[in-house]
Every structure is written in structure tokens, then in C-alpha cells.
Amino acid sequence: MIWQLVVGAVLMLALSIVFLAWPRTVRAGEQQTPAQLFAERMDLLASARDAGELAEQDFDSAANELKQQFLEQEARAMELKASHSSWRWYGGLSAALVLMVAGIYSWNGHYRELADWQLAQQKLPEYGERALLERGEPLSEQELARFGLALRTKLARDGDDAAAWFLLGRIWLSQGFMLDAIDAFEKALQMTPNRPALLISYSQALLVVGGDDKLAKAGRALARALTAEPDNLDALSLLAYVAYEKGDMTEAAAAWTILLDRLPTSDPRYAVVLEKLQELGHEVSARQERVVLLTLDVDQTLRQQYPDASVFVFVRQPDGPALPVAAQRIPVPAGELQLMLTEEMAMQPGWTLASIDDVEVVARFSPSGTVDDRQGSFEVVSAPQLFNDGKVQVSLRLQAD
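Residues numbered from 1 in each chain as written. Predicted model: local features only at pLDDT ≥ 70, side-chain atom pairs only at ≥ 80, totals over all residues. Heavy atoms only, no water.

Under an unreviewed UniProt entry, the name given to the protein chain is C-type cytochrome biogenesis protein CcmI, and the organism recorded is Alkalimonas mucilaginosa. What the UniProt record of the protein chain gives under Subcellular location (unreviewed entry) is the line "Cell envelope". (UniProt positions renumbered as here; feature names shortened; annotations may be inferred.)

What follows is the structure in C-alpha cells.
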């Protein structure tokens, strides 16, 4: 579309030049100059007078008329000369007009915005993958702005879309446009009212804006998010801050206490929550992170028979949910190996080593290297163990039958 604007601008400029500089032409039909023609005619009149063909009185009248014609021709010649000299003025004016138009358009034109808009349309799928699926480099500030522009265009062209409004709200939230973000989130909530990620983002924007009305809306939104996902730590953290901003220290402390028990000690929020509880006068000390120390001994025969095998080591609650609280996959080792399973190895947020008091450790041998291998796989399980000062130490051996 840029080339169309350029062509249009050139045509408009050409028309302006034509209308400004349309010449006033004068046909110069005479082959002689006015002075030469005047002298020749005066000679003819004088010859006619001397030959007696023209009376003196008629001669004077004809000479006066000829002089009048000569003066009129001289005036027209001067006018034509001025017309030719005006071409230089028109040319200078046209050049100045060209420079002025080019300068104003380069300084205040919208061709850059148009180019950005076209690029945003082309890269909308790529921006979406990088923003949502975290493929490739994170979006820069400029790319984030283009992503927002592409989403606005999509909404204007295709109509309301919950995912597009949600993404646009996240972009505006990151750019500091809180009221715009709130409006976008509310449009998305009209179509998907119980989506936890959307409710949490909506609450974040409301919390930043502040005010009793906004805090009340944030509290209701977070309650809906926790109803859908009771173990959502982000929703629980924000709910504590909403209560704190409202002045309800009891509710804030209760939420932070629950959150502190569920957060791994390596989580950046752990230290912040601990400080907040201590600020409210609660006697809370930093929790020692729980770890499982495993000594795994693998029979050399297994290593030789199955060089591509893997060992899956995981920790679970005895007689509890099947979902492990920590897991790790390693290539089949040769001999003895020391492993440490931590709270960061959780399979699901909020379900970590800190969530249970007794554990059992499982080492599963998989000849094909996949967790769902059934042929030739086997496992060994430790006896239930209790944490002692945040640690459990177990030894397991994998050997061929």
C-alpha cells in the first residue's frame, strides 16, 4: 500500500505544478521584430508621399497609426518576456513545494505506522507462538506493540474473540495501560467467565489501579479462580494482597500462611511472603527445603544389555495420589549413582515434597527409554520414610533377574 500512496502523492504534486505554472502563451506569428517591421512600413509611407501617391495630411495620419501599432506590439513583447521569466519563478516555487511536501511527510507522515501495521499482520502467528508457547526469543517492546496492533486489527475485522481480548489485555497490562487492560479483560470474561488465568490477570490490573470498588472486583474474581483451581498459588498470592490492601490483616495472614506452606523455598515469592507474615507479627521462621537423597546402584549387566535404557526415579506419597511429588529421568548408569530430588522437581504446582510428611521412592527401569514401556520394564520401591530435618535418605538397587 505504500507504493500506492507514493504514486498518489506524485500525481497530486504534478497537478499542483500544472495549475500553478500554466503558461500564458502568445503566438509570435511575425517573422520580423516590431522595430524592423515599423521601419519598413514607414519607408513605404514615405515613398508613397514622395511619389505623390499620398497627401501630406494622409501621410501624417498613417504614420501616427503605425506608431500606435508599434507601441502596442512593444507592450505585448514586454508582456511575453515577463511571461517567460515567470517560468523560473514557477520552477523555483515547484521545487520548494516538492521539498516542503517531502520534508513534512518524512517528519510527520504515517508511512512508518503503515509499514508497522503491515508487518504486524504478517507476523501475527509468529508473535502468538513466541508469546504463548515461548518459542524463540521473548517479544521486544516494539514487537509487543506490533502484536497489540495486529490483535486490534483482528478484533475489528473478525469480531469479538476471548483469546484475542485476553492477549490484548496482557499486552496493555505490561505496557502500563491499566484501564485499557481492564476493559479488554472484561470483554474476554463476558465470553469465558471462569478461566483462571484470565481472572488472575484481571485481578492484577484491578489491584494496580486500586480503590475500594476495584479491590472488591479483584477479590470476587480471585475467589472464582480458586473455585476452579483450589491449588493455584498465583490466585492465592493475589488474594492475600487484596486483603492486605483492604486492611483485612487476618485474612491476608491466613492466605499468606497457606501460601508459605505450599511454596518451594527457592521460589522468589517465598522470602516476600515470609517477610510479610513477620511484618504482621507472626512468629514464622524460614522452612528448610525438603530433599530426598537416593543412592542408586544399577547392575552392570543391565547397562550392557540395554545401552539405550533409562531409569525413572520418582517420589510419591504411600497410599496417596498416583501423581509423584518429584521426578527425574536419567540414562541408565553404570554402577552406583548419587541423586538428589528436590521441591523444584514437582510434576504439578502446589504438589511438592513440602506437601507430604512420609514418602516412598521408586526407581523404574525402562529398556526403551520411555516411561510407558511395558515390555521388559520393572521397578523397585523403598519402604515408607519420614522426613528427618527435611531429608530422607534411601538406597535402591536395580539388577537383572
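From this point, the narrative continues.
A. The arrangement of the overall build of the protein chain in detail. Summing up its helical and strand segments, the protein chain has 14 helices and eight strands in all. Classification of the 401 residues of the protein chain by burial places 34% in the buried group. When the accessible surface of the protein chain is totalled, it reaches about 24,200 Å², and 55% of it is carbon and sulfur. (Helix = DSSP H or I, 4+ residues; strand = E, 2+ residues; numbered from the N terminus. Buried < 20%, exposed > 50% of the residue type's maximum accessible area, 1.4 Å probe, protein only. Areas by Shrake-Rupley, 256 points an atom, 1.4 Å probe, with all protein chains shown as cover.)

B. Molecular detail of the packing of aromatic side chains. Under the criterion given, the structure shown has five aromatic pairs. Between tyrosine 241 and tryptophan 256 the ring centres are 5.4 Å apart and the planes differ by 85°, which places this aromatic pair in the edge-to-face class. In this pair, tyrosine 241 is assigned in helix H11 (residues 233-246) and tryptophan 256 in helix H12 (residues 249-262), connecting sequence segments 15 residues apart. With a relative accessible area of 25%, tyrosine 241 lands in the partly exposed category. Centre to centre, the rings of tyrosine 244 and tryptophan 256 are 5.6 Å apart; their planes meet at 55°, and the pair counts as tilted. Taken together, the positions of tyrosine 244 in helix H11 and tryptophan 256 in helix H12 put the pair twelve residues apart, joining distant regions of the chain. On the basis of relative accessibility, which here comes to 0%, the residue tryptophan 256 falls in the buried class. Taken together, Tyr241, Tyr244 and Trp256 form an aromatic cluster joined through their ring pairs. Lying over the aromatic face of tryptophan 165, lysine 187 brings its terminal NZ or CZ to 5.2 Å of the ring centre. (Phe/Tyr/Trp six-rings, centres within 6.5 Å; stacked < 30°, edge-to-face > 60°. Lys NZ or Arg CZ within 6 Å of the ring centre and 35° of its normal.)

C. Quick look at the sheet that holds strand E8 (residues 391-398). Pairing in this open sheet of three strands is mixed, and the strands run E4-E1-E8 from one edge to the other. The open sheet is flanked by strand E4 (335-341) and E8, the only strands paired with a single partner. Looking at each pair of strands side by side, their axes are set apart by 15° on average, direction ignored. Bridge count for strand E1 (residues 291-298) against E4 is seven bridges, and the pairing is antiparallel. (Pairing = 2+ DSSP bridges. Axes fitted to C-alpha atoms, helices over the stretch in contact; angles between N-to-C directions.)

D. Layout of the packing of helix H9 (residues 196-209) against H11. Taken N-terminus to C-terminus, the directions of H9 and H11 make an angle of 25°; their axes are 10 Å apart at the nearest point. The angle between H9 and H11 falls in the class roughly parallel. H11 is crossed by H9, and the crossing has left-handed handedness. Between H9 and H11, the contacting residues are Ile200, Ser203, Gln204 and Leu207 on the first element and Asp234, Ala235, Leu238, Tyr241, Val242 and Glu245 on the second. Per-class residue counts for the contact of H9 with H11 are six nonpolar, two polar and two charged. (Parallel < 35°, antiparallel > 145°, perpendicular 65-115°, else oblique. Left-handed = near helix turned anticlockwise from the far one by under 90°. Contact = heavy atoms within 4.5 Å. Nonpolar A, V, L, I, M, F, W, Y, C, P; charged D, E, K, R; others polar.)

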